[in-house]
Amino acid sequence: MLVFYSATHQQHHPPFEIFDGGEKVPNFEVPERAERILTALRQTTWANILVPEDFGLGPILNVHDNGYIEFLRTAYTEWLQIETDAPYEKSALLPATFPPASWRHKPETLLGRAGYYMSDLSAPITAGTYLAALASANCALSGAKAIADGEKSAFALCRPPGHHAGKAGCAGYCYINNAAVAANWLSEQGKTALLDIDYHAGNGTQDIFYERADVLTISIHADPDYEYPYFCGYADEHGAGVGIGFHHNFPLPAGTDTTGYLKSLSSALQLIKSFGAKYLVISAGMDLFGGDPLGKFKVTKPGIHQIGLEITNLNVSSLICMEGGYNNAALGENIVAFLEAFQ
Ligand SMILES: [Zn+2]
């Protein structure tokens, strides 16, 4: 299997994030995640690890707002230039003011734009964030090109992850929506579906494709009524305009085990089959695993392999994009268990 990995991800290493209740904690989304996965893949006989091609900004700007990507590019440098006599370090940019949905005036100042383009306190922008996010998107695009060129499957070892990044905003460790960029690119080559199996609702992906009928998007995740991202990912959200009927959410209760998960997966796969997808992009978050510190599901490693097997029964060319997964000790073996189903 072709695997796309860029060491540039290491330049993105936010020192902290802010948890619910205002607790400042070390950022869960660390470079070690991708390195653990890389190590596990190197121990297999089938992973052919390649450096991604550079696709430029074109495919990224086809799904993301121009002003947002420009903000990502310049925000950290601007942040350093702001004079302040406050004693805090400027290791990462996070805003403290966020607009409610009805306030859409875009301010000129950096901190105003930060609140405008950043949705929460878990996607800090650091010196290396923009370059790492670009490299991550290039991993997804290189994988997309590989399956368009005839590979049955490919794995994009994306870091930072992408599925919480919407058209014009970063959130939840995500800056550029790698899977959405790849799915949009693939949709120009053939009918494309996107299945998000990360534990958290793929709200960014939902935002990007919500009014489109040409890309089917489905997310299976923890019910946002009790879990991040809270405001999106409910069962009654089915798309808008011409996109009505082309988005589906499967919110699941805390404690969902492999058996419960596979029931929703079966319904999701039936929708993909009926849609007649030529290509499938999978947002593969391994935080559905029972031992994940940020998750409340009880899916096992054999269960993760089984999820992969069920997906391969579709017999559709598949690009697997890495999303979340924060049990670092188990992360490599979990994603290998998933990918082995595609062998
Ligand atoms: Zn997640």
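The preceding data block contains the structure.
From a predicted model like this one, the values you see are computed outputs, not experimental measurements. The numbering scheme is per chain: residues are counted from 1 as the chain's sequence reads. Residue-level local features of this predicted model are given only where pLDDT is at least 70; pairs of side-chain atoms are given and counted only at 80 or more, and the full residue set underlies all totals for whole chains, interfaces and linings. Where side-chain values are given, they derive from all heavy atoms of the structure, hydrogens and water being excluded.

A.B. asks: Is there a simple way to explain the overall build of the protein chain in this structure?
C.D. replies: Counting secondary structure elements, the protein chain contains 10 helices and 10 strands. Here the C-alpha atoms of the protein chain give a radius of gyration of 19 Å, agreeing with the 20 Å that 2.2 N^0.38 yields for 343 residues. Projected onto its principal axes, the C-alpha coordinates of the protein chain cover approximately 60 × 45 × 40 Å. Each residue is assigned to one of three classes by its accessible area relative to the maximum for its type, calculated with a 1.4 Å probe on protein chains only: buried under 20%, partly exposed between the two thresholds, exposed over 50%. Looking at the 343 residues of the protein chain, the share that counts as buried comes to 59%. Contacts are assigned to residue pairs that have any heavy atoms within 4.5 Å of one another. In the protein chain, of all internal contacts separated by at least 6 residues, the share reaching a separation of at least 24 is 76%. To qualify as a helix, a DSSP run of H or I must reach at least 4 residues; to qualify as a strand, a run of E must reach at least 2; elements of each kind are numbered from the N terminus. Both definitions apply: the radius of gyration is a C-alpha atom measure, and the globule rule equals 2.2 Å times residues to the power 0.38.

A.B. asks: Looking at this structure, I do not really get unusual backbone geometry. What am I missing?
C.D. replies: Phi is mostly negative for residues that are not glycine, and the peptide bonds are mostly trans. Omega for the bond connecting R159 with P160 falls within 30 degrees of zero, at 0 degrees, which places this linkage in the cis form. Its location among the elements puts P160 in the loop between β5 (153-156) and α6 (178-187). P229 follows Y228 through a cis peptide bond whose omega is 10 degrees. As for its placement among the helices and strands, P229 is situated in the loop between β7 (215-222) and β8 (247-252). Of note in this structure, Y173 is not a glycine but carries a positive phi near 70 degrees. Among the residues examined, Y173 registers a relative accessible area of 7% and is labelled buried. Its identity as a non-glycine residue notwithstanding, Y230 has a phi of 60 degrees, on the positive side. Summarising the element assignment, Y230 is placed in the loop between β7 and β8. Residue classification places Y230 among the partly exposed residues on the basis of a relative accessible area of 30%.

A.B. asks: Explain the packing of aromatic side chains to me, please; I cannot follow it from the model alone.
C.D. replies: The way to describe two aromatic rings as a pair is by their centre distance and the angle between their planes. When the centres of two rings from Phe, Tyr and Trp lie within 6.5 Å, Trp using its six-membered ring, the rings pair. Their planes under 30 degrees apart give stacked, over 60 give edge-to-face, and anything left gives tilted. This model, assessed by the stated rule, comprises 12 aromatic pairs. Relative to F297, the ring of Y199 has its centre 4.8 Å away and its plane inclined at 80 degrees; by these criteria the two rings are edge-to-face. Here F297 lies in the loop between β9 (279-284) and α9 (301-312) and Y199 lies in the loop between β6 (192-196) and α7 (203-209), a separation of 98 residues in the sequence. What makes Y199 buried here is its relative accessible area of 0%. Between the aromatic rings of F246 and F275, the centroid separation amounts to 6.2 Å while the plane-to-plane angle is 70 degrees, which identifies the pairing as edge-to-face. A residue pair is termed long-range when its members are at least 10 positions apart, and F246 in the loop between β7 and β8 and F275 in helix α8 (residues 258-275) qualify at 29 residues. By the ring-pair criterion, three or more aromatic residues cluster together here, those being Y68, F71, Y116 and Y117. The residue whose ring lies beneath K90 is W79, and the NZ or CZ to ring-centre distance is 4.8 Å. The positively charged end of K191 is found above the aromatic ring belonging to F275, 4.5 Å away from the centroid. For a ring to carry a charge above it, either NZ of a lysine or CZ of an arginine must fall within 6 Å of the ring centroid while also lying within 35 degrees of the normal to the ring plane.

A.B. asks: I'm lost on helix α5 (residues 129-148) in this one. Help?
C.D. replies: Note on helix geometry: an α-helix contains 3.6 residues per turn, so any two residues three or four positions apart are oriented the same way. Residue count minus one, scaled by 1.5 Å, sets the expected span of a helix. A rise of 1.5 Å per residue sets the reference length of α5, with its 20 residues, at 28 Å; its end C-alpha atoms lie 29 Å apart and thus fit the reference within 8%. Of all 20 residues that make up α5, 17 are buried, and the element is covered over most of its length. Just downstream of α5 lies G150, where phi reads positive at about 120 degrees.

A.B. asks: What's the story with the pattern of salt bridges in this structure? I'm lost.
C.D. replies: Side chains that differ in sign of charge can pair as their charged atoms come close. Any Lys or Arg side-chain nitrogen located within 4 Å of an Asp or Glu carboxyl oxygen qualifies as a salt bridge. For the structure on display, the rule yields 10 salt bridges. With a shortest N-O distance of 3.4 Å, K145 and E53 are connected by a salt bridge. Of this pair, K145 sits in helix α5 while E53 sits in the loop between β4 (48-50) and α2 (58-61), and the two are 92 residues apart along the sequence. For K145, a relative accessible area of 28% puts it in the partly exposed group. The class of E53 is partly exposed, set by a relative accessible area of 42%. Here R212 ties to D214 by a salt bridge, and the two come within 3.0 Å at their closest N and O atoms. You can call R212 partly exposed: its relative accessible area is 22%. A relative accessible area of 38% places D214 in the partly exposed class. By sharing partners, the salt bridges in this structure join E29, R33 and R159 into a single network.

That's the geometry; what it means functionally is another story.
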